[in-house]
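# Fold and contact review
Next come the chains, spelled out residue by residue.
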Amino acid sequence: PSDLSSLAPWSWVASRLFLSIFMLLCCFTSRTEVSYENRRITEKFVYLGTALFTFACFGIIALVPLPAAYNPDIFFHRPAEFIPAVIFLVSLILLLRNGHWKQFYFEHWLVLSLIVAFISQAVFMSHSAQLFDYSFDLAHLLKKAGYICVLTGLLISMYMTFKTEEKNSFRAVSQANMALEAELAMRSRIEARLVKREKELLRSNQELEQFAYIASHDLQEPLRKIQSFGDRLQSHYAEALDERGCDYLQRMRSAAGRMSTLINDLLAFSRIKANTGNHSHVDLNEVLKGVLSDLDWQIEEARALVNSQSLPSLQADGIQMRQLLQNLIGNSIKYRSPDRLPQIDIDCLNEPGYCVIRVKDNGIGFEPQYAQQIFEVFQRLHSRNEYDGTGVGLSVVRRIAEAHGGTAEASSIPGEGSVFIVKLKLKT
Ligand code: ADP
């Protein structure tokens, strides 16, 4: 409804009002952000506020007939300009009281721009009596200077943020690099130590095996002499000895017999090596048949019942497989319960990549805490008077399993029976 000449000066008021309110909002925003971390003024709020204000201005200009903006009769020719001037001033005071301008480049330049904006409003526009007069042009110039201040602050602050971030990320990257390098160095040190230990262990293991082999091998010779002279004494001079002499001789011969078994067991143990060169196609059913025929007498004497499911064929050392089954089945017969007839079940489970042989009996069993210990050399849970043996059988079983890339374990319920589980790696 207003004509163009009276509308033009009001466009200045509207734009300054818009800017000053926007500045005031910014000052409040930064205040509330500082005081209530979780009550931030969102972007949505700012956009909505801006849109509403724009529509309100447009509505006023479009609907209300505006009065003349200039009033040369009073001292300040443009009284309407005081409103944005006051808002600029309030924004300036708020910003100064916030104190952020001392630390942040952008707010520093915002203060400058507000000062310029206030001067532009309060002094010059108040003296402008018509469009494009001296004060009017000066005010426009100052307005642009104010914008440049904001832009400069924005650019400097962006540049500084970028620089600081660059410095921070460079520092973070170099710190991470240093940590990584340190870890790598530590890992390679540990690796080198491990390789060295492994070599030492391998060497000492080989030496130990060699020692056990040589010692037991060399012990056999004098032992054989003791046994053969013992036999001769028994056959030729038994009558010449009194009862006590005969007892001594008998004890000596049985001790020599035990020692011979022990040496043979030790030799068998030290001979087991992971030598895949001896591996061939082995049918475990055939091996089992051979073992059962070897143990024929013991099975018959104990009236043991041996059940076996069909066992698989695999690439393995045939002699070691025989030793393994013989030791396990032999033990199941030896450690049978006096209260019932022994029953031994042999089967094989399917596990990906492994052949899992199980030998289960209903014998005397053992306490679960000994499940690992019994696999160690010379570890026995019973005295020789109760059960004959050397304590090498199960260590041979475990060593054979390990030589075939597997494991040997046992579980048991005392008085009810035991299960021995041997895992052998399948080779293709
Ligand atoms: P040995 O039988 O010569 O004593 P092993 O190494 O074969 O030596 O066995 C170690 C110990 O594990 C045995 O002394 C025995 O106490 C226990 N053991 C082995 N097999 C069984 C079994 N089937 N039932 C109960 N105990 C067993």
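Keep in mind the model is a prediction, meaning the values are calculated, not measured.

Time to look at the overall build of the protein chain. Secondary structure summary: the protein chain contains ten helices and seven strands in total. Against the compact-globule benchmark of 22 Å for 428 residues, the protein chain has a radius of gyration of 51 Å, which places it well outside the compact range. Principal-axis analysis of the C-alpha atoms places the extent of the protein chain at approximately 160 × 40 × 40 Å. For the protein chain, restricting intrachain contacts to residue pairs at least 6 apart in sequence, the fraction spanning at least 24 positions comes to 73%. When the accessible surface of the protein chain is summed, it comes to about 27100 Å², and 61% of that surface belongs to carbon and sulfur atoms.

What follows deals with a positive patch on the surface. Together, Arg189, Arg193, Lys196 and Arg197 line one region of the surface with positive charge. What makes Arg197 exposed here is its relative accessible area of 54%.

Right, let's get into the pattern of salt bridges. Pairing between side chains of opposite charge can happen when their charged atoms approach one another. With the rule as written, the count across this model stands at twelve salt bridges. In this structure, Arg187 and Glu183 form a salt bridge, with 3.1 Å as the shortest nitrogen-oxygen distance. Here Glu183 and Arg187 lie together in helix α5 (residues 134-237), a separation of four residues that amounts to about one turn. Notably, a salt bridge pairs Arg224 with Glu221, separated by 3.7 Å at the nearest N-O pair. With Arg224 and Glu221 both in helix α5 and three residues apart, this pair spans about one turn of that helix.

Taken together, 20 residues lie near the ligand, and Asn331, Tyr335, Asp361, Arg380 and Leu394 sit nearest. A distance of 2.5 Å is found between an oxygen atom of the ligand and a side-chain nitrogen or oxygen belonging to Arg380. Look at the ligand: alone it shows 530 Å² of surface, and the protein chains cover 98% of it. With respect to the detected pockets, the ligand is housed in the largest pocket. The biggest single contributor to the shell around the ligand is helix α9 (residues 318-334), with three residues. Looking at the shell around the ligand, its residues break down into seven nonpolar, ten polar and three charged.

Here the focus is unusual backbone geometry. You will see that Arg303, though not glycine, has its phi angle at about 50°, which is positive. Among the structural elements, Arg303 can be located in the loop between α8 (296-302) and β2 (305-308). Residue class for Arg303 comes out exposed when judged on its relative accessible area of 59%. If you check the backbone angles, Phe378 has positive phi at about 65° while not being a glycine. Its location among the elements puts Phe378 in the loop between β5 (354-361) and α10 (393-403).

All right, on to the layout of surface pockets then. Volume-wise, the largest pocket comes out at about 1100 Å³. Where the lining of the largest pocket is concerned, the elements lending two or more residues are α6 (243-271), α9, α10 and β7 (417-425). No other element matches α9, which puts eight residues into the lining of the largest pocket. The residue inventory of the lining of the largest pocket, partitioned by class, reads 13 nonpolar, 17 polar and eight charged.

Rules of the game
- Residues numbered from 1 in each chain as written.
- Predicted model: local features only at pLDDT ≥ 70, side-chain atom pairs only at ≥ 80, totals over all residues.
- Heavy atoms only, no water.
- Helix = DSSP H or I, 4+ residues; strand = E, 2+ residues; numbered from the N terminus.
- Rg over C-alpha atoms; globule rule 2.2 N^0.38 Å.
- Contact = heavy atoms within 4.5 Å.
- Areas by Shrake-Rupley, 256 points an atom, 1.4 Å probe, with all protein chains shown as cover.
- Patch = residues over 30% accessible without salt bridge, like charges linked within 9 Å, V, L, I, M, F, W, Y side chains within 5 Å.
- Salt bridge = Lys/Arg side-chain N within 4 Å of Asp/Glu carboxyl O.
- Lys, Arg positive; Asp, Glu negative; His and termini not counted.
- Charge placed at Lys NZ, Arg CZ, Asp CG, Glu CD.
- Buried < 20%, exposed > 50% of the residue type's maximum accessible area, 1.4 Å probe, protein only.
- Near = heavy atom within 4 Å.
- Polar contact = N/O pair within 3.5 Å; in protein donor to acceptor, adjacent residues only side chain to side chain.
- 1 Å grid on protein atoms, 1.4 Å probe; cavity = no way out; pocket = protein on both sides within 12 Å on 5 of 7 lines; lining within 4 Å.
- Sits in = over half its atoms within 2 Å of the grid points.
- Nonpolar A, V, L, I, M, F, W, Y, C, P; charged D, E, K, R; others polar.
- Points joined across faces, edges and corners; volume = space filled by probe spheres on them.

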